[in-house]
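Observations on chain architecture
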Amino acid sequence: MTARNTITARKTVAVLGLGRMGSAIATRLAADGWDVVGWTRGGRGPSRLTLPGAP
């Protein structure tokens with residue numbers, strides 16, 4: 001039997017706007033295994049979004 005090389009693709013998505021809807025979307029994506037990068041305009045969304053499994 002020969003060793004088989006496997007490549008695991010990382011899934012990354014950006015969520016623009018971390019208000020009520022954006023933070024919910026980011027949380028669901030992170031829970032499904034996506035690497036999430038978030039951005040929000042100052043003062044409208046949470047100052048920090050804690051996602052499951054985040055360091």
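Refer to the structure presented above.
Our subject in this report is the structure included herewith.

Procedures and definitions
Residues numbered from 1 in each chain as written. Predicted model: local features only at pLDDT ≥ 70, side-chain atom pairs only at ≥ 80, totals over all residues. Heavy atoms only, no water. Helix = DSSP H or I, 4+ residues; strand = E, 2+ residues; numbered from the N terminus. Expected span 1.5 Å × (residues − 1). Buried < 20%, exposed > 50% of the residue type's maximum accessible area, 1.4 Å probe, protein only. Arc of directions from axis to C-beta. Contact = heavy atoms within 4.5 Å. Polar contact = N/O pair within 3.5 Å; in protein donor to acceptor, adjacent residues only side chain to side chain.

1. Looking at helix α1 (residues 20-31)
Since one α-helical turn is 3.6 residues long, residues separated by three or four positions face the same way. With 12 residues, α1 should reach 16 Å at 1.5 Å per residue; the first-to-last C-alpha distance of 17 Å fits that figure. Buried within α1 are the following residues: Gly22, Ser23, Ala26 and Ala30. Take α1 and look down its axis: the buried residues cluster within an arc of 95°, on one side only. Exposed and facing more than 90 degrees away from the buried side of α1 are Arg20, Met21, Arg28 and Ala31. Elements in contact with the buried residues of α1: β1 (12-16) and β2 (35-39). Looking one or two residues beyond α1, the residue adopting positive phi is glycine 33, at roughly 100°.

2. Quick look at the side chain of serine 23
Structurally, serine 23 can be placed in helix α1. Note on serine 23: relative accessible area 15%, which makes it buried. Polar side-chain contacts of serine 23 include one of 2.7 Å to the backbone oxygen of glycine 19.

In short, shape yes, function no, at least from these values alone.
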